[in-house]
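Report on the structure
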Amino acid sequence: MEDTDEEELLNLSLAIVTDPGGEKNRKRKRRVNVCKPLNPSCEGCEGKIFKLLQVREEMLKLNHKRKGVVEDGKGLHLIHLLLITASSVDKNNVNSALENLTELYQSVSLMGDSVQRVVAYFADCLAARLLTRKSPFYDMIMKEPTTEEEFLAFVCLYRVSPYYQFAHFTVNQAIIEAFEKEEEINNRALHVIDFDVCYGFQWPSLIQSLSEKASSGNRISLRLTGYGRSLEELQETETRLMSFAKGFCNLVFEFQGLLRGSKLTNPRKKKNETVAANLVFHLNTLNNFVKISDTLKSLHSLGPSIVILVEQEGNRRPRSFLSRFMESLHYFAAMFDSLDDCLPLESGERLSIEKNHLGKEIKSMINCDKDEENKSCPRYEKMETWKSRMESHGFEGMKLSSKCLIQAKLLLKIRTHYCPLQCEGEMNGGFRVFERDEGKALSLGWQDRCLLKASAWQCV
């Protein structure tokens, strides 16, 4: 155990044993620090918590001794035990939950196969939920990555997996085709409104593609309005994209950064310009239906030529804890498994992705209803739900071209251990892409699990 964690354990022990207020105060303090969030009548609660935390710390320190593939049958046993533990936590059956969590930590490793790894992160969520935020150990278990760690993990995932690249390349291809369709009337001007610019990773490929269509005597104008979470993110995004665009003399590039929540002013700067709205992983971050509805109403009033929606596939709204836990486990088990197709088991990049990107998403989803400081919870929903919502706000689906599907297949060939049959509807391979909703949506899947779906929309 690291020195800081040893100090935390020692401090709690001293708080329990040396409280000068007498036996009555000792019991009161013990319940506040450890057991108050649990069942106050449970016996041996503190000891089991200490054992749990010690076993967890050993798991984190001794990863190299447990790495490898789980023996046949052991993976199913881990999943079964995890679900039993989740049920115990949901019922506040403290003794059973602590015992099962201890067994889980003794059986998993962050350097093991995908089953061990995903179970380890979900076990952390259950342990934190059991302790609640009032425990001094909650923050230790739920510790979030720094901004730099999170950014580096995102970059790693973007580089090695087709996950984000599938979303961005599919959207960019649809935007280019919408621009080409209006080329005779749009004065070769394109305005993209990105509702979550996320450091601009999506846009260099669009800049390059538009440049290939332009010439020095017939330049194309690209205006990007990007919403960001902070001024620092927007400034860094502008610097990166402006620097990249300078290499394309036949393209006029302009960037306007806005903080999320700001109102868009002057949406059409150039007459008849093609306006494209980019809703990539954005609507799920809006934590209530009113905000989603307001966003779609505002977007419809702009009259964009095309709206691209990309969301994770799932049904993980803030319903009951167990249903959300099960759905999340299925999804992230596929994500962890897919990383084995992209990176070796001992890869530090894989560990960074799982700890600082996927791990953070898991914690946000599982315990969002227990988060007293942040009431937002991502809304991962089925494609049919988003379709109904878009149609009720005046949008109709647009058929994606065959170029989008071909491009996605090519991406999988480049980025993964790809088998062409996986793109033809087979359900027994790794990454695959397939059309949905009569060609109006395109999905990225891992084996039999759909991970992402992209769809195009226009105003009715």
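Before reading further, recall that the structure is shown in the block above.
What counts as what
- Residues numbered from 1 in each chain as written.
- Predicted model: local features only at pLDDT ≥ 70, side-chain atom pairs only at ≥ 80, totals over all residues.
- Heavy atoms only, no water.
- Helix = DSSP H or I, 4+ residues; strand = E, 2+ residues; numbered from the N terminus.
- Buried < 20%, exposed > 50% of the residue type's maximum accessible area, 1.4 Å probe, protein only.
- Contact = heavy atoms within 4.5 Å.
- Areas by Shrake-Rupley, 256 points an atom, 1.4 Å probe, with all protein chains shown as cover.
- Arc of directions from axis to C-beta.
- Phe/Tyr/Trp six-rings, centres within 6.5 Å; stacked < 30°, edge-to-face > 60°.
- Axes fitted to C-alpha atoms, helices over the stretch in contact; angles between N-to-C directions.
- Parallel < 35°, antiparallel > 145°, perpendicular 65-115°, else oblique.
- Left-handed = near helix turned anticlockwise from the far one by under 90°.
- Salt bridge = Lys/Arg side-chain N within 4 Å of Asp/Glu carboxyl O.
- Pairing = 2+ DSSP bridges.
- Right-handed = clockwise from strand over helix to strand, strands pointing away.
- Expected span 1.5 Å × (residues − 1).
- Nonpolar A, V, L, I, M, F, W, Y, C, P; charged D, E, K, R; others polar.

Turning next to the overall build of the chain. Helix and strand counts for the chain come out as 17 helices and 9 strands. When the 460 residues of the chain are sorted by exposure, 53% land in the buried category. For the chain, the proportion of contacts with a sequence separation of at least 24, taken over those separated by at least 6, is 75%. Taken as a whole, the chain presents about 20900 Å² of accessible surface, with 50% of it coming from carbon and sulfur.

To continue, consider the environment of threonine 102. Locating threonine 102 in the fold gives a position in helix α6 (residues 94-107). Given the relative accessible area of 7%, threonine 102 is considered buried. Taking the C-alpha atoms as reference points, threonine 102 and leucine 52, separated by 50 residues in sequence, lie 5.1 Å from one another. Every residue in contact with threonine 102, bar those within four places of it in the chain, is listed here: Lys51, Leu52 and Val55.

This paragraph deals with helix α11 (residues 203-213). Of all the residues in α11, the buried ones are Trp203, Leu206, Ile207, Leu210 and Ser211. Buried residues of α11, viewed axially, fall in a sector of 135 degrees; they line one side. For α11, the elements touching its buried residues are α10 (162-181), β1 (189-194), β2 (220-228), α12 (231-245), β3 (251-259) and β4 (274-280).

With that settled, the discussion passes to the packing of aromatic side chains. Any aromatic ring pair is given by two values, namely how distant the centres are and how the planes are angled relative to each other. One pass over the full model with this rule turns up 18 aromatic pairs. Their ring planes at 80 degrees and their centres at 5.1 Å tell us that phenylalanine 154 and phenylalanine 201 sit as a pair that is edge-to-face. You can see phenylalanine 154 sitting in helix α9 (residues 147-160) and its partner phenylalanine 201 sitting in the loop between β1 and α11, a full 47 residues away along the chain. Judged by its relative accessible area of 21%, phenylalanine 201 falls in the partly exposed class. Within the aromatic cluster, the residues linked to one another by ring pairs are Phe151, Phe154, Tyr158, Tyr163, Tyr164, Tyr199, Phe201 and Phe281.

Within the secondary structure, methionine 140 sits in helix α8 (residues 138-141). For the pair methionine 140 and alanine 128, spaced 12 residues apart in sequence, the C-alpha separation works out to 9.1 Å.

Packing of helix α14 (residues 321-339) against helix α15 (residues 348-366) leaves a shortest axis separation of 10 Å and a crossing angle of 165 degrees. As judged from the angle between their axes, α14 and α15 are roughly antiparallel. Handedness of the α14/α15 crossing: right-handed. Packed against α14, whose contacting residues are Phe321, Arg324, Phe325, Ser328, Phe332, Met335, Phe336 and Leu339, the element α15 presents Arg350, Ile353, Glu354, Leu358, Glu361, Ile362, Met365 and Ile366 at the interface.

Turning to the pattern of salt bridges, a few remarks are in order. Within this structure, the stated rule accounts for 17 salt bridges. The residue glutamate 349 makes a salt bridge to arginine 159 at a minimum N-O spacing of 2.1 Å. In this pair, glutamate 349 is assigned in helix α15 and arginine 159 in helix α9, connecting sequence segments 190 residues apart. Exposure remark for glutamate 349: the relative accessible area of 27% places this residue in the partly exposed category.

What follows deals with the pairing of β3. Judged from the 9 bridges that link them, β2 and β3 form a sheet pairing that is parallel. Within the sheet, the bridge partner assigned to arginine 223 lies in β3 and is glutamate 254. Chirality of the crossover, the property in question, places the unit of β2, α12 and β3 among those that are right-handed.

Checked against the element boundaries, threonine 85 lands in helix α5 (residues 74-90). Take threonine 85: its relative accessible area is 0%, and that puts it in the buried class.

Our next topic: helix α3 (residues 45-61). Over its 17 residues, α3 extends 25 Å from the first C-alpha to the last, a length consistent with the 24 Å expected when each residue adds 1.5 Å. Within the span of α3, buried status applies to Cys45, Glu46, Ile49, Phe50, Leu52, Leu53, Val55, Arg56, Glu57 and Met59.

What follows concerns the environment of tyrosine 380. Within the secondary structure, tyrosine 380 is located in the loop between α15 and α16 (383-392). Sequence spacing of tyrosine 380 and glutamate 313 is 67 residues, and the spatial spacing of their C-alpha atoms is 6.4 Å.

Before going further, it helps to examine the packing of α3 against α6. One can describe the packing of α3 onto α6 by two numbers: an axis separation of 9 Å at closest approach and a directional angle of 20 degrees. Judged by the angle between their axes, α3 and α6 are roughly parallel. For α3 against α6, the interelement crossing comes out left-handed. In this structure, α3 contributes Cys45, Lys48, Ile49, Lys51, Leu52, Val55, Arg56 and Met59 to the contact, and α6 contributes Val94, Asn95, Leu98, Glu99, Leu101, Thr102, Tyr105 and Gln106. Along the lines of polarity and charge, the residues of the contact of α3 with α6 split into 9 nonpolar, 3 polar and 4 charged.

Any functional reading would require information that these geometric values do not contain.
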